[in-house]
Amino acid sequence: MTDLPRILPENDHNRTLVNNVHPPAWINPEPAPIYNLVVIGAGTAGLITAAGAAGLGARVALVERHLMGGDCLNVGCVPSKGIIRAAHAFHEARHTRAFGVSGGDRLAIDFGAAMQRMQAIRAGISAHDSARRYSEELGVDVFFGRCRFSDPGTIEVEGKTLRFKRAAICTGARAAVPPIPGLEEVGYLTNETVFSLTELPKRLAVIGAGPIGCELAQTFARLGSKVTLLETQERILRREEEDAALVVQKAFQREGIEICFHCRGQKAFFRDGEKVLVHHDEELVVDEILVGVGRAPNVEGLDLAKAGVDYDDKNGVKVDERLQTTNPDIYAAGDICTPYKFTHTADAMARILIANALFMGRQKTSDLVIPWCTYTDPEIAHVGIYPEQVEETGHKITTLTVPLDAVDRARLDGEVDGYARVYLQQGSDRILGATIVARHAGEMIGELCLAMTSRLGLKAIGRTIHPYPTQAEAVKKLADAYNRSRLTPLVAKALGGWLRWQRRIP
Ligand SMILES: Cc1cc2nc3c(=O)[nH]c(=O)nc-3n(C[C@H](O)[C@H](O)[C@H](O)COP(=O)(O)OP(=O)(O)OC[C@H]3O[C@@H](n4cnc5c(N)ncnc54)[C@H](O)[C@@H]3O)c2cc1C
């Protein structure tokens, strides 16, 4: 049976969304005798794979059990960035005193209107991922329902048999839930339900200070919730560099988010109709609990063993760097098979999958330069290596850092929290990695990604004229710092001598 296509609250925007990404009256087509490619899961990885393959002339079937667009469109990037924007607007408007604008403290936010704005935008974007577009414009056979492998070359979906030459598993991941006694009984929010809220929770506990937990903790705090963020480690965003995470952590604390470190929820229960979450033997009374402790791969129900596809419940489907599973006719892409769980990675992997599965390509995921960004304020964006990884291999790196208060535009905008940092191969300008902590870090890291992908060194960035005043000048200043570092005492002495000689009076 197909999952009921409902997105709450039921309003015109969400009905438009559902009509696009899982039309209630959809009738699955009659399958072709055999497909070049059957794609399971219509999130970013599955959609790009199906559209790309069909565009190149392949006969493609796409199977989705719930909503086309997957997490990114429905319950991930799009809705989260939609409400982050509202929270940001409110926060900005309330903190204008330094610019000579008063009255911000009298402003109020309409949570329902902010959510509806997000829902309207999501509905608008959904036309691009719609069943109708895929089937009528792109020529993909779209099937809704649960599917499973019946043997290494066949998939069953809602009583129909899809035979394939190649298959792609793109079933993504879902929120992992921490084993806190009583949590199921009191109920909790995940990314699948939080964007359906119609009222702002006055008191919100967020379990997990990873990217999703941090983005939403700050958003709800800015919208007006009293937020407590619980983290098992000694700091937030533990995958990021410590000083980067600390900049964000300080911003959180300034904004009134209470952070509990080394903190595991012990139990949860109801008292007098209120949710109580116990941690460190203390009781925290909240209106909602939001869980953001990581992602679990969607491997269940597919009968992967019948297809000869190896997997495990933690890391998902096992693939080699060409995205081939242990069944050479079956490939995988996206969150189901990578630790880099981002939309842009799913997209990049889908393109590799098409080349390798259908056209005997030899493309490798290990060649990808994968950036990411956590959309807190300030943002943290990263690409490439972290220094510890290089130190482990015995190689040496040069680290250059430009604090944002050295950038005129950041000072003028009042956005000086953060830095741009680059890691170079020692003795050269080859960029191995970079971290930017800045309000627009996600926009700024692109230039460094381009340089890394195109094997351009930092000197090339130094030769590039950046408009003044922009925050992207932070990246240019890294190149200036590199050029200065090349001015050895010997070269400085030679240049000084030349200039002295030029000044001589005849
Ligand atoms: C709150 C949140 C915010 C995020 N923000 C960002 C961001 O800002 N930037 C970014 O790059 N990434 C972000 N991500 C991550 C991003 O959403 C994922 O990396 C991306 O959606 C992965 O795409 P995918 O196709 O691999 O999987 P998914 O999008 O999860 O799609 C998988 C699809 O497979 C379907 N499916 C599963 N099992 C079956 C089955 N048995 N049969 C048929 N269909 C099945 C699912 O219903 C789903 O539609 C965010 C995630 C969350 C949760």
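For the structure, check the block above.
Let me begin by describing the structure that accompanies this report. (Residues numbered from 1 in each chain as written. Predicted model: local features only at pLDDT ≥ 70, side-chain atom pairs only at ≥ 80, totals over all residues. Heavy atoms only, no water.)

## Re the packing of helix α4 (residues 77–94) against helix α8 (residues 211–223)
As a packed pair, α4 and α8 sit with axes 9 Å apart at the nearest point and diverge in direction by 45 degrees. Taken together, the axes of α4 and α8 are oblique relative to one another. When you trace α4 past α8, the crossing you get is left-handed. Residues Ser 80, Lys 81, Ile 83, Ile 84, Ala 86, Ala 87, His 88, Phe 90, His 91 and Arg 94 of α4 touch α8, and the partners they reach there are Glu 215, Leu 216, Thr 219, Phe 220, Arg 222 and Leu 223. (Axes fitted to C-alpha atoms, helices over the stretch in contact; angles between N-to-C directions. Helix = DSSP H or I, 4+ residues; strand = E, 2+ residues; numbered from the N terminus. Parallel < 35°, antiparallel > 145°, perpendicular 65-115°, else oblique. Left-handed = near helix turned anticlockwise from the far one by under 90°. Contact = heavy atoms within 4.5 Å.)

## Structural notes on the pairing of strand β11 (residues 267–271)
In this sheet, strand β12 (residues 274–279) lies alongside β11 in antiparallel orientation, the contact comprising 5 bridges. Counted as the bridge partner of Lys 267 is Val 278 from β12. (Pairing = 2+ DSSP bridges.)

## As for the site of the ligand
Taken together, 37 residues lie near the ligand, and Glu 64, Asp 71, Lys 81, Asp 335 and Thr 343 sit nearest. For the ligand, a nitrogen atom lies 3.2 Å from a polar atom in the backbone of Arg 65. The backbone of Asp 335 places a nitrogen or oxygen atom 2.8 Å from an oxygen atom of the ligand. Relative to its unbound accessible area of 1000 Å², the ligand is 93% covered by the protein chains. Secondary structure elements with two or more residues in the shell around the ligand: α2 (44–55), β2 (60–64), α3 (70–75), α4 and α10 (343–358). At 4 residues, α3 tops the list of elements feeding residues into the shell around the ligand. Split by residue class, the shell around the ligand holds 16 nonpolar, 14 polar and 7 charged. (Near = heavy atom within 4 Å. Polar contact = N/O pair within 3.5 Å; in protein donor to acceptor, adjacent residues only side chain to side chain. Areas by Shrake-Rupley, 256 points an atom, 1.4 Å probe, with all protein chains shown as cover. Nonpolar A, V, L, I, M, F, W, Y, C, P; charged D, E, K, R; others polar.)

## Observations concerning unusual backbone geometry
Of note, the bond from Leu 8 into Pro 9 is cis; its omega dihedral lies within 30 degrees of zero at -5 degrees. Assignment of secondary structure puts Pro 9 in the segment before α1 (12–21). Geometrically, the link from Asp 377 to Pro 378 is a cis peptide bond, its omega value of 0 degrees lying close to zero. Topologically, Pro 378 is positioned in the loop between β19 (371–374) and β20 (379–384). One non-glycine residue, Asp 281, lies in positive phi territory at about 60 degrees.

## Some remarks on a nonpolar patch on the surface
Taken together, the side chains of Leu 487, Val 491 and Leu 495 define a hydrophobic patch exposed on the protein surface, amounting to about 250 Å² of accessible area. Relative to the helices and strands, Val 491 is located in helix α16 (residues 489–502). (Patch = residues over 30% accessible without salt bridge, like charges linked within 9 Å, V, L, I, M, F, W, Y side chains within 5 Å. Salt bridge = Lys/Arg side-chain N within 4 Å of Asp/Glu carboxyl O.)

## Points about the pattern of salt bridges
As enumerated under the stated definition, the model contains 28 salt bridges in all. Note that Arg 439 and Asp 377 form a salt bridge whose closest N and O atoms lie 2.7 Å from each other. Taken together, the residues span a long stretch of sequence, with Arg 439 in the loop between β23 (431–438) and α13 (441–453) and Asp 377 in the loop between β19 and β20 at a distance of 62 residues. Summarising the burial analysis for this pair, Arg 439 and Asp 377 share the class buried. When salt bridges with common partners are traced through the structure, they connect Glu 92, Arg 222, Glu 255, Asp 377, Glu 415 and Arg 439 into a single cluster. (Buried < 20%, exposed > 50% of the residue type's maximum accessible area, 1.4 Å probe, protein only.)

## Examining the pairing of strand β4 (residues 147–151)
Pairing of β4 with strand β5 (residues 154–157), which is carried by 4 bridges, proceeds in the antiparallel orientation. When the sheet's bridge partners are listed, Asp 151 is paired in β5 with Thr 154. Where β4 folds back on β5, the antiparallel hairpin that results is connected by 2 residues.

## Some remarks on the nonpolar core
Ranked by size, the top nonpolar core spans 59 residues in total, and within it Val 60, Leu 62, Met 68, Phe 149, Ile 155, Leu 162 and Ile 169 carry the most contacts. Counting residues in hydrophobic clusters, the runner-up holds 34 residues, among them Val 194, Ala 209, Val 247 and Phe 252. (Core = buried A, V, L, I, M, F, W, Y, C linked by side-chain atoms within 4.5 Å.)

## Focus: the environment of Ile 289
Summarising the element assignment, Ile 289 is placed in strand β14 (residues 288–291). For the pair Ile 289 and Leu 358, spaced 69 residues apart in sequence, the C-alpha to C-alpha distance is 45 Å. Setting aside residues up to four positions removed in sequence, Ile 289 forms contacts with Leu 183, Val 186, Gly 187, Tyr 188, Leu 189, Leu 204, Ala 205, Ile 207 and Leu 277.

## Regarding the environment of Gln 363
Examined against the element boundaries, Gln 363 turns out to sit in the loop between α10 and β19. Residues Gln 363 and Val 39, 324 residues apart in the sequence, show an inter-C-alpha distance of 19 Å. Each residue touching Gln 363, except ones within four places of it in the same chain, is listed here: Glu 321, Arg 322, Arg 351, Ile 352, Ala 355 and Asn 356.

## Focus on the environment of Asp 405
The topology assignment puts Asp 405 in the loop between β21 (397–403) and α12 (408–413). On the basis of relative accessibility, which here comes to 41%, the residue Asp 405 falls in the partly exposed class. Considering only alpha carbons, one finds Asp 405 and Val 157, 248 residues apart in sequence, at a separation of 57 Å. Residue contacts for Asp 405: discarding those within four places in its chain leaves Arg 411 and Val 416.

## Quick notes on the state of the cysteines
The tally for this structure, following the rule as stated, stands at 0 disulfides. Between Cys 260, a free cysteine, and Cys 263, which holds the nearest cysteine sulfur, the sulfur-to-sulfur gap is 4.8 Å. For Cys 260, a relative accessible area of 11% translates into the label buried. (Disulfide = S-S within 2.5 Å.)

## What about the packing of aromatic side chains?
All chains considered together, the criterion is met by 7 aromatic pairs. Ring plane angle 90 degrees and centroid distance 6.0 Å describe the contact between Trp 26 and Phe 144, whose orientation is recorded as edge-to-face. With a gap of 118 residues between them, Trp 26 in the loop between α1 and β1 (35–40) and Phe 144 in strand β3 (residues 141–144) connect regions that are remote in the sequence. Given the relative accessible area of 3%, Phe 144 is considered buried. Seen in terms of ring centroids, Phe 149 and Phe 164 are 6.1 Å apart; in terms of plane orientation they differ by 80 degrees. Their pairing is edge-to-face. A residue pair is termed long-range when its members are at least 10 positions apart, and Phe 149 in strand β4 and Phe 164 in strand β6 (residues 160–169) qualify at 15 residues. Residue classification places Phe 149 among the buried residues on the basis of a relative accessible area of 0%. Overall, the relative accessible area of 6% leaves Phe 164 in the buried class. Taken together, the ring pairs in this structure connect Tyr 340, Phe 342, Trp 372 and Tyr 386 into an aromatic cluster. Residue placement shows Arg 421 over the ring face of Tyr 419; its charged tip is 4.1 Å from the ring centre. Seen from the ring of Trp 501, Arg 504 lies directly overhead, with NZ or CZ sitting 3.8 Å from the centre. (Phe/Tyr/Trp six-rings, centres within 6.5 Å; stacked < 30°, edge-to-face > 60°. Lys NZ or Arg CZ within 6 Å of the ring centre and 35° of its normal.)

Take it as geometry only, folks, not as evidence of what the structure does.
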